[in-house]
Amino acid sequence: LTDPPQNKIILQAEHLSFIYPNGKMIFDDAAFQLQRGSRTAVLGPNGAGKTTLFRLIQQGEMIRSVPKAHFGFFHQDMSGLKEKETVLESVMRASIQKEGVARSILAQLLFSARDISKPVYVLSGGEKIRLCFARLFTSAANVLILDEPTNYLDIPSVEALEKLFSEYEGTMLFASHDDSFVHAVATDRLVISNHKITPL
């Protein structure tokens, strides 16, 4: 990690309230903290507000972060990928690491030496997701916000992610319905229920 925050609390919200224009209330005077170096799973049923919480963090208005927090977001739309780049080119475009580190991360994410010279457009959906994670892990981000990171991944890919996430030295907030993945990776848990955010 490059120049990570030294603050104990990286992200914090107090009196967080949010209602959609259609009147659906998501948060009502909710509060939470994200501790430096934690890998925190956000739990709750569909519609509870996990994706909304991540969107509010990205907007940076209602939830405070420390100055040295550099966020990396994983979204299912994979919008950062360029179809004509090779796998390695795609990673290096986002990377602050040397090429050797990028190659090592790609190998940990199950890309072979031959795979990294393939153009992005020939990759499967699961391969594109793994590529997005390679880009995040070699970027300047030191706080990762991940919405359902294991969706559409096969078991070897999920296991590779578990290992990479468990070794991550930054701070991580993620939502997942995969109980075994949460158990393997999370150091902390937050539950969204009844418009509140509660440590578990």
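Computed from a predicted structure; not experimentally measured.

S.K.: Can you break down the nonpolar core residue by residue, with the values?
M.R.: Core analysis: the biggest nonpolar cluster contains 37 residues, and Phe133, Phe137, Leu146, Phe165, Met172 and Phe174 have the highest contact counts within it. Mapped onto this core, the elements with two or more residues apiece are β3 (39-43), α2 (87-94), α3 (99-108), α4 (125-137), β6 (143-147), α5 (155-166), β7 (171-175) and α6 (179-185). Counting residues per element, this core draws most heavily on α4, which supplies seven residues. When sequence neighbours within four positions are dropped, the list of residues in contact with Met172 reads Leu34, Ser38, Arg39, Thr40, Phe137, Leu144, Leu146, Phe165 and Val185.

S.K.: Give a description of the packing of α4 against α5 that names residues and reports values.
M.R.: Where α4 contacts α5, the axes come no closer than 12 Å and their chain directions differ by 10°. With respect to each other, α4 and α5 are oriented roughly parallel. Contact residues: Arg130, Phe133 and Phe137 in α4; Ser157, Leu161, Leu164 and Phe165 in α5. Split into classes, the residues belonging to the contact of α4 with α5 amount to five nonpolar, one polar and one charged.

S.K.: Can you tell me about the sheet that holds β3, naming the residues and giving the values?
M.R.: The strand order across the open sheet built from six strands is β5-β6-β7-β3-β8-β9, with neighbouring strands paired in mixed fashion. Among the strands making up the open sheet, the edge pair consists of β5 (71-74) and β9 (196-199). Put simply, the sheet's adjacent strands are angled 20° from each other on average, direction ignored. Where β3 and β7 come together, four bridges link them in parallel fashion. Considered in β7, the bridge of Val42 is made with Ala175. Strand contacts of α4: β5, β6 and β7, with the helix running at about 180° to β5, the strand carrying the most contacts.

S.K.: Any chance you could break down the packing of α2 against α3 for me, citing the residues and the numbers?
M.R.: At a closest axis distance of 10 Å, the pairing of α2 and α3 adopts a crossing angle of 120°. By the criterion of interaxial angle, the relationship of α2 to α3 is oblique. Pair α2 / α3 crosses with right-handed handedness. In this structure, α2 uses Val87, Leu88, Val91 and Met92 to contact α3, whose residues at the interface are Glu99, Ala102, Arg103 and Leu106. Grouping the constituent residues of the contact of α2 with α3 by class yields six nonpolar, no polar and two charged.

Rules and cut-offs
- Residues numbered from 1 in each chain as written.
- Predicted model: local features only at pLDDT ≥ 70, side-chain atom pairs only at ≥ 80, totals over all residues.
- Heavy atoms only, no water.
- Core = buried A, V, L, I, M, F, W, Y, C linked by side-chain atoms within 4.5 Å.
- Buried < 20%, exposed > 50% of the residue type's maximum accessible area, 1.4 Å probe, protein only.
- Helix = DSSP H or I, 4+ residues; strand = E, 2+ residues; numbered from the N terminus.
- Contact = heavy atoms within 4.5 Å.
- Axes fitted to C-alpha atoms, helices over the stretch in contact; angles between N-to-C directions.
- Parallel < 35°, antiparallel > 145°, perpendicular 65-115°, else oblique.
- Nonpolar A, V, L, I, M, F, W, Y, C, P; charged D, E, K, R; others polar.
- Pairing = 2+ DSSP bridges.
- Left-handed = near helix turned anticlockwise from the far one by under 90°.

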